[in-house]
Amino acid sequence: MAKQPISRRDFIKGMAAGAASVATLGILNACEYSTSSSTAAASTGDTSAAATAASSGGYTPGTYSATATGIGEVTVTMTFDETSITDVQIDVSNETADIGGAIGEDMAAAILEAQSADIDGVSGATLTSNAIRTAAADCISQAQGTATAAAEETSSSSSDDWLGEEPDITDDDCSETLECEVLVIGCGVAGVAAVRAAAEEGAQVIAIEKGDSPQCRSGEYAVINGKVQANWNRDYWTKEQINSICDFHVQESCYKVKQAIVNKWANNIGDVFDWWVEPNTSLYIAPETRSPIPDESADNFLIPIFYPLPEAYDWTQERFPCYPTSVEFKPDQSVNFNANMDAAVATGNVDAHYGCFAEKLIMEDGKCVGAYIRDANEGTYFRVNASKGVILATGDYSQNEAMVQHFCPDVIENGITRMFTNVDVEGNFTNMGDGIKLGMWAGAQVQQSHAPMIHHMGGGADLEGVGVMGIAGFLNLDLNGKRFMNEDLPGQQIENQIELQKDRKSWQIFDANWPEQLPYMPAEHGGACYYEDYASEDEAPANNATYRNYKSPYQLEAAVEDGRCVTANTLEELVALMYPDDEDAQETALESIERYNELAEEGFDEDFGKTASRMWPLENPPYYADQFETALLLVIIGGLESDENCHTYDENRNIIPGLYVAGNIQGSRFAAEYPITLKGVSHSMAMYYGYVAGKEVASL
């Protein structure tokens, strides 16, 4: 079975445990990314120059600090005399508490003893170890007066030369040549689906992955029709309804995507999802979202999302419908994912190479015929010839600072924390945009408009990353005390609005009648819309104890106790807690609440147009408020221009023979923003078009 990287849940727990303020999925303090700080993607080789210089002494006495990015931000502070390092202090409070957060003292002692940044990392804490070594090397460079030039070099190249030069690799550099029919580069969801699909067609497949195993995260999928959906009588979608779903997706993408890609997925995903779960013979299908799960299935079950739907919710009447199409593998998709890779290998047609990096595509007469691969385990190159074609399934680029700055500068300008934890065998993040670079060096074109996935999950999140009341459409006020939007919005649109506010923050406010009000909220991603009267998690369904859309009194009580939510018996007391140092904001907030109450009583929101059924006056104490901040970026979806058969295109939009894409490297699927009306559509399209690419290339 594949080794599993740190989970989304563990990431959130670590960020919450280590941060100085409350860490939440929606209000995590953004980690700073600057050109003067190296990232955790630096390998141990990056510290070598500083380590060599350190051994020769020659410091300017003083204390120097540097930061680098691990899971969060790591700060190293070092004191020097003229010839040696005299003290090392490491702040790892933003790291996962029981992993990276536990190694600071040991690594500080190792640096002091070695008088160098070139020390061994700690197994199991690769990201933090690399960040510490990188920041320590920076401190040494500062003490020796060499840091400025390095920083200037990084600054000058980070945004202007994000593509860089194609490496000069030839057959002479290779220790061997391997032959196959289909080469798949990247073994995430799309890559594994492509490997299995091609192998089952009888093609000889070579799979390349720079991690030490296939890579997956989370587990939501949007699925339209099919046998799995028939378990919940959700296999009823008509052609007209499917067309409407496709139209809405294209509209949310500002018509900057290819409708043929969306249509093909929507009309065929049901059957292909059935294929995707087929190898997972022990998968437990939960009867409802909140059904208890047998102990023997606790690590491998599938739930329908929003089943049954709240009685007051009719998606056909919503401005932003969240279609009841989605399912989720729980506690994540790893069991199902690994079952698919095992099924592919079982065909006898797959040769998988882990810890290997595709560094250059091989083009002959305008056709992609293979790639040069660096084997990090052996320190050598080998060539792979692919007689039918190459499939790039290399993921996104959201940890590549220069690429983010080039394609989505607002992500950096808004201080968005990027939540990605998968690493390669050298300790670097795997989502560095390798596939875009490979494709563009070979003549492929990247799509023009990219879609950062930053959908809000509510304020005051707990250690599971779930907001106090999610994004339920209660009153929302900015830091000046003013209402600024129709709160009845999906998470991506709410994030867009929060980014426009003062300090990129706001307050969600509700009163003691929230249990009666929740069932009228929309059943949408991150939105609280079900009330459960549990006194503790122990009363909740076995092995399925919490889910983000369901709220019980004990969860609100915990949020208040933890300081993630404030409460008061009068509105005057509440706004004093929300704006403790701003009497003007307190006064404005009371006026805004009074105005909101009037509109709610009248049953018409003439200020922002929120539906009357989701407006209630704030008049029943106690009152509550939790704070929204910018949410986390999961991935940036924006790849090489493509079509419904996974082809790539040159600058004149002619098909490039032999070069295919699937997953987040496949462009023309999403643009502008992530359309959250189809929960899990990113995973779903990645898997589906991995399947399409594998079948397409194998059939040549």
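Counting restarts for each chain, with residues numbered from 1 along the sequence as it is written. Given that this is a predicted model, residues contribute local features only at a pLDDT of at least 70 and side-chain atom pairs are listed and counted only at 80 or more, while totals for whole chains, interfaces and linings are drawn from all residues. Excluding hydrogens and water, the side-chain values take into account all heavy atoms of the structure.

Working definition: an aromatic ring pair is given by the centre-to-centre distance plus the angle between the planes. Under the pairing criterion, centres of Phe, Tyr and Trp rings, with the six-membered ring standing for Trp, must be within 6.5 Å; the plane angle then separates stacked pairs below 30 degrees from edge-to-face pairs above 60, leaving the rest tilted. Under the counting rule described, the total for this entry stands at 22 aromatic pairs. The interplanar angle of 85° and the centroid separation of 6.5 Å between the aromatic rings of phenylalanine 248 and phenylalanine 320 together place this pair among those described as edge-to-face. With phenylalanine 248 in helix α8 (residues 239–252) and phenylalanine 320 in the loop between β9 (301–304) and β10 (326–330), this pair connects stretches of sequence that are 72 residues apart. For every residue, the accessible area obtained with a 1.4 Å probe (protein chains only) is divided by the maximum for its type, and the residue is called buried under 20%, exposed over 50%, and partly exposed between those limits. In this structure phenylalanine 320 comes out as partly exposed when scored by relative accessible area, which is 22%. Each residue in the set Tyr236, Trp237, Phe248, Trp315, Phe320 and Tyr323 is aromatic and connected to the rest through ring pairs, giving one cluster. Charge over a ring is defined by NZ of Lys or CZ of Arg lying within 6 Å of the ring centre and within 35 degrees of the ring normal. Over the ring of tyrosine 547 we find arginine 548, and its NZ or CZ is 5.0 Å from the ring centre. Only DSSP runs of H or I covering at least 4 residues are called helices, and only runs of E covering at least 2 are called strands; the numbering of each starts at the N terminus.

Burial of nonpolar side chains together is a common tendency in soluble globular proteins. Residues Val205, Tyr221, Trp265, Phe273, Trp276, Phe510 and Met687 are the most contacted members of the largest nonpolar core, which totals 102 residues. Nonpolar cores are built from buried Ala, Val, Leu, Ile, Met, Phe, Trp, Tyr and Cys residues. Side-chain atoms within 4.5 Å join them into one set. The next biggest cluster of nonpolar side chains, apart from the first, holds 40 residues, and it includes Cys180, Val404, Val411 and Ile636.

What follows is about unusual backbone geometry. With omega at -5°, the peptide bond leading from tyrosine 307 into proline 308 counts as cis. Omega for the peptide link from proline 621 to proline 622 comes to 0°, which places this bond in the cis form. Secondary-structure assignment places proline 622 in the loop between α18 (583–602) and β21 (623–628). Phi is positive for asparagine 233, close to 55°, though the residue is something other than glycine. Mapped onto the secondary structure, asparagine 233 falls in the loop between α7 (227–230) and α8. The class of asparagine 233 is exposed, set by a relative accessible area of 57%. A positive phi angle is found at arginine 504, which is not glycine, with a value near 55°. Tracing the chain through its elements places arginine 504 in the loop between α14 (491–498) and β17 (506–511).

The next subject is the pattern of salt bridges. Only one rule defines a salt bridge in this text: a Lys or Arg side-chain nitrogen within 4 Å of an Asp or Glu carboxyl oxygen. Going through the model one piece at a time under the given rule, you end up with 24 salt bridges. Across the pair arginine 383 and glutamate 364 runs a salt bridge whose closest N-O atoms are separated by 3.3 Å. Taken as a pair, arginine 383 in strand β14 (residues 380–392) and glutamate 364 in strand β12 (residues 356–364) lie far apart in primary sequence, 19 residues in all. When the shortest N-O distance is used, the salt bridge between lysine 610 and glutamate 487 registers 3.0 Å. Of this pair, lysine 610 sits in the loop between α18 and β21 while glutamate 487 sits in the loop between β16 (475–478) and α14, and the two are 123 residues apart along the sequence. Each member of the pair lysine 610 and glutamate 487 is classed as buried.

Our next topic: the sheet that holds β9. A pair of strands is treated as paired once DSSP finds two or more bridges between them. A sheet is described by the order of its strands in space; here 4 strands give the open sequence β7-β10-β9-β8, paired in mixed fashion. Here the strands that pair on one side only, and so sit at the sheet edges, are β7 (220–222) and β8 (284–285).

Next up on the list: the pairing of β21. As a general feature of sheets, a regular strand has side chains that alternate between the two faces. For β21, the buried fraction is high: 6 of the 6 residues fall into the buried class. Sheet topology note: the β17/β21 ladder contains 6 bridges and is antiparallel. Among the inter-strand pairings, phenylalanine 510 is bridged to a residue of β21, identified as tyrosine 624. With 3 bridges connecting them, strand β20 (residues 566–568) and β21 associate as antiparallel partners. Bridge assignment links valine 566 to a residue of β21, and that residue is alanine 625.

Turning to the pairing of β9, a few remarks are in order. Where burial is concerned, the two faces of β9 agree: the one with Phe301 and Ile303 and the one with Leu302 and Pro304 are both buried. For β9 and β10, the ladder comprises 4 bridges, and the chain directions are antiparallel. Within β10, the residue paired with phenylalanine 301 across the bridge is lysine 330.

Along the chain, the position of histidine 455 falls in the loop between β15 (451–452) and β16. The buried category is assigned to histidine 455, whose relative accessible area is 8%. Here the alpha-carbon distance between histidine 455 and glutamate 673, two residues 218 residues apart in the chain, equals 9.2 Å. Dropping the residues within four chain positions of it, histidine 455 is found in contact with Gly491, Gln492, His525, Ala631, Leu634, Tyr674 and Ile676. The criterion used for residue contact is that any of the two residues' heavy atoms lie within 4.5 Å.

Structurally, isoleucine 665 is set in the loop between β24 (655–661) and α19 (681–698). In this structure isoleucine 665 comes out as buried when scored by relative accessible area, which is 1%. Spatially, the C-alpha atom of isoleucine 665 lies 6.1 Å from that of leucine 640, the residues being 25 residues apart in sequence. Excluding anything up to four places from it in sequence, isoleucine 665 contacts Leu392, Ala393, Thr394, Gly395, Gly435, Ile436, Gly639 and Leu640.

Moving on: helix α6 (residues 189–200). Multiply 1.5 Å by the residue count of a helix minus one, and that product is the helix's expected span. Helix length check: α6, at 12 residues, gives a terminal C-alpha distance of 17 Å against a target of 16 Å (1.5 Å per residue), a fit within 8%. Within α6, 11 of the 12 residues are buried, leaving the element largely enclosed by the surrounding structure. Of all the residues in α6, the buried ones are Val189, Ala190, Gly191, Val192, Ala193, Ala194, Val195, Arg196, Ala197, Ala198 and Ala199.

Two numbers describe how helix α9 (residues 259–277) lies on helix α10 (residues 334–346): the axes approach to 8 Å, and their chain directions differ by 85°. The angle between α9 and α10 places the two elements in the roughly perpendicular class. For the pair formed by α9 and α10, the contact residues are Trp275, Trp276 and Val277 on the first element and Asn336, Phe337 and Asn340 on the second. In this description, a line fitted to the C-alpha atoms serves as the axis of each element, helices being fitted only across the stretch in contact, and the angle between N-to-C directions of two axes falls anywhere from 0 to 180 degrees. Here the angle decides the label: under 35 degrees means roughly parallel, over 145 means roughly antiparallel, 65 to 115 means roughly perpendicular, and every other value means oblique.

This part is about the packing of α6 against α19. Between two packed helices, both the angle of their axes relative to each other and the distance between the axes serve to describe the pair. α19 packs onto α6 with a crossing angle of 30° between their chain directions and a minimal axis gap of 7 Å. Considering only the axes of α6 and α19, their crossing is right-handed. For the pair α6 and α19, contact is made by Val189, Ala190, Ala193, Ala194, Ala197 and Ala198 and by His683, Ala686, Met687, Gly690, Tyr691, Gly694, Lys695 and Ala698, respectively. In this classification, Asp, Glu, Lys and Arg are treated as charged, Ala, Val, Leu, Ile, Met, Phe, Trp, Tyr, Cys and Pro as nonpolar, and every other residue, Gly included, as polar. Across the contact of α6 with α19, the residue classes tally to 10 nonpolar, 3 polar and 1 charged. By convention, the crossing between two helices is left-handed when the near helix turns anticlockwise from the far helix through less than a right angle, and right-handed when the turn is clockwise.

By themselves, these are just geometric observations and shouldn't be taken as functional.
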